[in-house]
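Each chain, written out:
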Amino acid sequence: MATKSKQTETPVGQATAPSEGNGARGAAAQSAARSIQIPRVLTVKELGELMGLPAVEVIKELMKNGVMASINQSIDFETAAIVAHDLGFEPEEAGADVVEEVAETAQARTVIEEEEGAALQPKPPVVTVLGHVDHGKTSLLDVIRRTNVTAGEAGGITQHIGAYQVHTNDQRITFLDTPGHEAFTAMRARGARVTDAAVLVIAADDGIMPQTLEAIDHARAANVPIVVAISKVDLADAKPDRVKQQLAEQGLTIEEYGGDVICVPVSAKTGQGIQELLENILVATEVLELQANPNRPAIGTVIEAQLDRSRGPTATVLVQTGTLQVGDVAVVSETWGRVKAMFNEDGRRIKTAGPGEPAAVLGLQAVPQAGDLLKVVPDDKTARQIIVQRLREKEAATLHTQPRVTLDTLFGQISAGKMKDLNLILKTDVQGSIEPIRQSLERLSTDQVRVKIIHAASGSVSESDVMLAIASKGIIIGFNTREEPGAQRLIEQEGVDLRQYTVIYEVTEDVQQALQGLREPTYAEVVTGHAEVRQVFQLKRRGQVAGCYVRDGTITRNDLVRVLRDGQPLADTKLASLRRFQEDVRDVQAGFECGITVEGFDAFQEGDILELYRRELES
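Attention here is on the structure that accompanies the text. All values derive from a computational prediction rather than experimental measurement.

Conventions used here
Residues numbered from 1 in each chain as written. Predicted model: local features only at pLDDT ≥ 70, side-chain atom pairs only at ≥ 80, totals over all residues. Heavy atoms only, no water. Helix = DSSP H or I, 4+ residues; strand = E, 2+ residues; numbered from the N terminus. Areas by Shrake-Rupley, 256 points an atom, 1.4 Å probe, with all protein chains shown as cover. Contact = heavy atoms within 4.5 Å. Buried < 20%, exposed > 50% of the residue type's maximum accessible area, 1.4 Å probe, protein only. Pairing = 2+ DSSP bridges. Axes fitted to C-alpha atoms, helices over the stretch in contact; angles between N-to-C directions. Salt bridge = Lys/Arg side-chain N within 4 Å of Asp/Glu carboxyl O. Core = buried A, V, L, I, M, F, W, Y, C linked by side-chain atoms within 4.5 Å. Disulfide = S-S within 2.5 Å. Arc of directions from axis to C-beta.

Some points on the overall build of the protein chain
Step number 1: For the protein chain, the count of helices and strands is 16 helices and 33 strands.
Step number 2: Within the structure as shown, the protein chain displays about 29700 Å² of accessible surface, and the carbon and sulfur contribution to it stands at 46%.

Okay, here's the thing in structure tokens:
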């Protein structure tokens, strides 16, 4: 971690630190012209050492800015910079000491690949298989891989995410066999962009089902090519032409009807269309010109992970660039380890895994999560440094979580040019309500932003809907419906904006006002502390002063105050003054006494409770 001043190589605090004996304010004044370099993340104690000030002075400044942090708690650069500036320093962000990390987004990876220029080589496409439950996804892969996965799984339904590689026409294709679009979208929501194309499996006898519609919307949101496989065409009641017509109704016009969507009839039982499907997948992904550099340290994504009783933490990793080798030191999220062994999909030991290849990896110290990025680093020391840095950043991030897109913040993001599409997930009580609401909302599109209904269905708001909102940075619109308990927990945890309505015009009115910046902001009350009136003083010029004991929290000069007597509010106003020992102060913490006057109220009694609070804009 960068803990040295910009001007010198002497230890922290010596070059930039004024004498502590002059006090915090004197120190700040003496250092007003000095600049300091602050790392992305550091502890309160380290910030104090960097400025040559006691940690308690830093804590006080943090409190004044509404941040409660202990001496060993981590804070981010933005927070530290505000404190440093308030104390008279000129903060600058220091470069990272540890090996530069690769951003966990496809866009960042693309930049990296482009920089590697001539080192790039073609890599196999990664294909996700999606569709309605029991429409034959795994049976299809069973035939493709010439193995028997389905028979070993309960009820013939896929129980985990698997990654398998097949060879056709001297080329390779990597398949991800998922339990459904939820897992596919969950990885996207965590920043993992592993899929190059999606195969949509639809049973010829059932046709398009509710989960098929969800799979279509999730694949579209991922912006990947879709290849349709109409399965079970060998059945007597198979109606592939009906499926093609249903696809057209959903905006997926197949090539046979003059569109651009590849559609292949297949049968896992007879093998019909399997080779044609593989060839068409290669055709659909050829235009993507997928490339990677195999001659660099590996970067990959965790597809699944589990704790094996005999082997320890095991992670199925899909290598995206570089080559992963046994003996490499790898960092994955907040854990790391040395690769002890690797296995392919057949359970055979392998020594290397190149771009587009899946491998079961042993040697990590803990079980990572699906979607986590794996990155090979030079040595153990670097790995430990990165983990410490990530843990600190995670702790600091809890102080400043970035709000998601909401109707309240929408106009600001549009004005700042940060948003071109407003993605909405629409859930209604009945199917008949979908089209009128969809049409009303889509008509609200403007030159600055397009309103897109990326998924619409009847029924309650599910976890799958919330995951799609997270992955697409969208907003959920509910009409005469409710959210499932699991969805509600995820909404609260991730801060997704869910709006519930019972009248159609209120839906369109709210969205239109948000697009135009006319929506009235909503505020939430945050209680900052309580103080008990223990004595009342009558001053000639100031009127009544309440001698108070702060029972909990921290009182600041900018707080609003509610005067309570026997639990009933007598006044709702703001603080006029806050004093300790005849001196005005900016804040008073729990356990201390203070004198308080409030605006518009002059009738305190002993035993009154002052509830201090502030209003914050709801995200």
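A few points about the environment of Ile226
Step number 1: In this structure, Ile226 sits in strand E10 (residues 226–231).
Step number 2: Once the C-alpha coordinates of Ile226 and Cys263 are considered, the two residues, 37 residues apart in sequence, prove to be 9.2 Å apart.
Step number 3: Contact partners of Ile226, with chain neighbours within four places excluded, come to Ala198, Leu200, Ile216, Ala219, Arg220, Leu252, Val261 and Ile262.

Notes on the pairing of strand E6 (residues 126–131)
Step number 1: Within E6, six of the six residues are buried, leaving the element largely enclosed by the surrounding structure.
Step number 2: Of the two faces of E6, both are covered, the one formed by Val126, Thr128 and Leu130 as well as the one formed by Val127, Val129 and Gly131.
Step number 3: Relative to strand E8 (residues 171–177), E6 runs parallel, the two sharing four bridges. Within E8, the residue paired with Val129 across the bridge is Asp177.

Some points on the sheet that holds strand E25 (residues 498–501)
Step number 1: Here we have four strands laid out as an open sheet, ordered E23-E22-E24-E25, and parallel in their pairing. Two strands close off the open sheet at either side, each with one partner strand: strand E23 (450–458) and E25. Within this sheet the neighbouring strands show an average axis-to-axis angle of 25 degrees, counted without direction.

Here we look at the pattern of salt bridges
Step number 1: What the rule picks out here adds up to 14 salt bridges.
Step number 2: Note that Asp380 is salt-bridged to Arg338, the shortest N-O span being 2.8 Å. Of this pair, Asp380 sits in helix H11 (residues 380–397) while Arg338 is found in strand E17 (residues 335–343), placing the two residues 42 residues apart along the sequence.
Step number 3: Since its relative accessible area comes to 23%, Asp380 is described here as partly exposed.
Step number 4: A salt bridge links Arg562 to Asp572; its shortest N-O distance comes to 3.5 Å. Of this pair, Arg562 sits in strand E28 (residues 560–565) while Asp572 sits in strand E29 (residues 568–580); the two residues are 10 residues apart in sequence, bridging distant segments of the chain.
Step number 5: A relative accessible area of 47% places Asp572 in the partly exposed class.
Step number 6: Connected through shared salt-bridge partners, Asp241, Lys244 and Glu256 make up one network.

Quick notes on the nonpolar core
Generally speaking, soluble globular proteins have nonpolar side chains that are buried together.
Step number 1: Core analysis: the biggest nonpolar cluster contains 24 residues, and Leu140, Ile144, Ile173, Phe175 and Leu277 have the highest contact counts within it.
Step number 2: Those elements giving two or more residues to this core turn out to be E6, helix H6 (137–145), strand E7 (162–168), E8, strand E9 (197–203), E10, strand E11 (262–265) and helix H10 (274–286).
Step number 3: When residues no more than four places from it in sequence are discounted, the contact partners of Leu277 are Leu140, Val227, Ala229, Val264 and Val266.

Side note on the state of the cysteines
Step number 1: Scanning the entire structure with this criterion turns up zero disulfides.
Step number 2: Left unpaired, Cys548 is separated from the closest cysteine sulfur, that of Cys594, by 5.4 Å.

Re helix H13 (residues 434–442)
Step number 1: Along H13, the residues that are buried comprise Ile434, Ile437, Ser440 and Leu441. In a view along the axis of H13, the buried residues occupy a sector of 145 degrees, so they form one face of it.
Step number 2: On its buried face, H13 is in contact with strand E22 (421–428), E23, strand E24 (475–479) and helix H16 (504–516).

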